[in-house]
Amino acid sequence: NNVKEILQTIRAQRHELNNYLSTLYGLIYLENYNDVKEYISKINDRITSMNSVIETNNPIITAILSIQKNKAYSEGIEMELDIDELPEELPFDPLDLSIIIGNLLNNAMDACIALGKNQVRKIQFYMGIEKEKLIIHIKNSKSNLKRLDVKELLGRFTTKEDKENHGFGLSNVDLIVSQYDGTLNLEDLGDEFKVDVTLPMNRDTNYNVKMTTYNI
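Since the structure is predicted, the reported quantities are computational estimates derived from the model, not experimental observations.

Rules used in this analysis
- Residues numbered from 1 in each chain as written.
- Predicted model: local features only at pLDDT ≥ 70, side-chain atom pairs only at ≥ 80, totals over all residues.
- Heavy atoms only, no water.
- Helix = DSSP H or I, 4+ residues; strand = E, 2+ residues; numbered from the N terminus.
- Buried < 20%, exposed > 50% of the residue type's maximum accessible area, 1.4 Å probe, protein only.
- Contact = heavy atoms within 4.5 Å.
- Areas by Shrake-Rupley, 256 points an atom, 1.4 Å probe, with all protein chains shown as cover.
- Salt bridge = Lys/Arg side-chain N within 4 Å of Asp/Glu carboxyl O.
- Core = buried A, V, L, I, M, F, W, Y, C linked by side-chain atoms within 4.5 Å.

Participant: For this particular structure, what's the right way to read the overall build of the chain?
Facilitator: The helix and strand inventory of the chain stands at six helices and five strands. Element order for the chain, N to C, with α for helix and β for strand: α-α-α-β-α-β-β-α-α-β-β. When burial is assessed residue by residue, the chain has 34% of its 216 residues classed as buried. Restricting the contact set of the chain to residue pairs at least 6 apart, pairs at least 24 apart contribute 65%. As displayed, the chain offers around 13,400 Å² of accessible surface, 51% of which is attributable to carbon and sulfur atoms.

Participant: Help me understand the pattern of salt bridges in this model?
Facilitator: Between side chains of opposite charge, pairing is possible as soon as their charged atoms come close. The final tally for this structure, using the stated rule, is three salt bridges. The salt bridge involving K142 is made with D188; its shortest N-O contact spans 3.3 Å. Of the two residues, K142 is situated in the loop between β3 (133-141) and α5 (150-153) and D188 in strand β4 (residues 183-188); the sequence distance between them amounts to 46 residues. Assigned by exposure class, K142 and D188 land together as buried. One salt bridge in this structure joins E187 and K194, with 3.5 Å as the shortest N-O distance. Residue classification places E187 among the partly exposed residues on the basis of a relative accessible area of 37%. Overall, K194 belongs to the partly exposed group, its relative accessible area being 21%.

Participant: Would you explain the nonpolar core in this entry?
Facilitator: In a soluble, globular protein the nonpolar side chains are often hidden away together inside. Ranked by internal contacts, the top residues of the largest apolar core, which has 37 residues, are I101, I123, F125, M127 and L199. In terms of residue count, helix α4 (residues 94-115) provides more of this core than any other element does, nine residues in total. In contact with F125, other than residues within four places in its own chain, are L65, E80, L81, D82, I83, I101, L105, I136, H137 and I138. With five residues, the next largest nonpolar core counts Y20, L24, L27 and I43 among its residues.

Participant: I tried to follow unusual backbone geometry on my own but got confused; where do I start?
Facilitator: Excluding glycine, most residues fall at negative phi; most peptide bonds, likewise, are trans. Despite not being glycine, K131 shows a phi value in the positive range, around 50°. Topologically, K131 is positioned in the loop between β2 (122-130) and β3. Relative accessible area serves as the criterion here: at 81%, K131 is assigned to the exposed category. Backbone geometry at D181 places phi at a positive 60°, although glycine is not the residue there. If you trace the backbone, D181 turns up in the loop between α6 (169-179) and β4. According to the relative accessible area criterion, D181 is exposed, its value standing at 58%.

So, in structure tokens, the structure goes:
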């Protein structure tokens, strides 16, 4: 799915590039050179924002964060990424890491999208290693009209209409974190929601030691 989304992003950018070139050709043909300069400046700002490199030293995490950043940009959501230098090898199954980060950021994105474009919509993401533990911290904007209950969230809570096929994200995250003897803390701050995950680094790097069964 991550590869498919990356390819879709490339196709979308190629399509946009064709539109940019057509517009530039029209402006140059009409000799509107001031407009050409302004248009090129806007293109440069957009491409720089979309394609700025996210360096994590870990290809799985880099891919997930790059996809999420592009999603946020396309939705007009501000996303701040603060990634400390990570080792190339982490003692966690890459699938487990992708489920944790992917689900948490998807939930943050959904909460921001639900606010509407006329409100502040922001996601802050931090990832680093502190005291022999991998730390993941996410804070996102949300509606303050509903307080979210932590016990309900770790069950099968979902705001989507298709409740039969949704609502497993946080329960899967909780399951994975527990199997790594980590901690998952959720906190409703009113107009923001905060998630803190800690995973101990002092684990066997053999990914086949445990098999995780996910809800699907």
